[in-house]
Amino acid sequence: MTDGKSTAAPGSPQAGRVPLVVVDGANVVGSVPDGWWRDRRGAAERLRDRLVGYPGPAEVVLVVEGAARGVASVPGVRVESAPGSGDDLVVRLVRAEGGGRRCLVVTADRELRARVAALGAETIGPREAMSF
C-alpha cells in the first residue's frame, strides 16, 4: 500500500479502482497511551487529520464509535460513525465497498483481522499504518 498503486491486472474488475483503506479508529487511537481517553472525540479528529496525508491514491474511511461519533469528514478522509460496534461497521464496509478492489484494514484487533481477512481484505497494525 505504500506506493498507492493497485496491483490489479489491466482489464480486470479491480483495475482503475482506488484501494479502500478502512481504519478502526478506536483501536488505532487506543494503541497510543497519550491521554486519548480524556477526549475521545478530539483524539479521533487528530487521527482523521493525520490520515489526510495517507499516501494514495486511496479511499480512506475512518470508523468511529462511542464518544467519537459525529466527527466530520474532511477532504481525503470519509468518517463513518458506527451506530453500535465499530468492528461490525468495518466488516460491513469491507463487504459492501471492498469487493472488486484492494481493501486494507488498519487494526490490531485479532478478531477483526480474522473477520475481514475472510472477506479478502489485507490488514496492517496501527504502527505500520501511521509510519508514513
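Small disclaimer: the values here were computed from a predicted structure and weren't measured.

A. Representation of the sheet that holds strand S3 (residues 77-81). Pairing within the open sheet is parallel, and its five strands lie in the order S3-S2-S1-S4-S5. In this open sheet, the two edge strands, each paired with only one partner strand, are S3 and strand S5 (122-124). In this sheet, adjacent strand axes meet at a mean angle of 25° when their direction is disregarded. For strand S2 (residues 59-64) and S3, the ladder comprises five bridges, and the chain directions are parallel.

B. A look at the confidence of the model for the protein. Residue-level pLDDT values for the protein average 85, and 86% of them are 70 or greater. Low pLDDT, under 50, characterises residues 1-15; the predicted model gives this stretch 21 contacts beyond four residues in sequence or across chains.

Criteria and thresholds
Residues numbered from 1 in each chain as written. Predicted model: local features only at pLDDT ≥ 70, side-chain atom pairs only at ≥ 80, totals over all residues. Heavy atoms only, no water. Pairing = 2+ DSSP bridges. Helix = DSSP H or I, 4+ residues; strand = E, 2+ residues; numbered from the N terminus. Axes fitted to C-alpha atoms, helices over the stretch in contact; angles between N-to-C directions. pLDDT = per-residue confidence, 0-100. Contact = heavy atoms within 4.5 Å.

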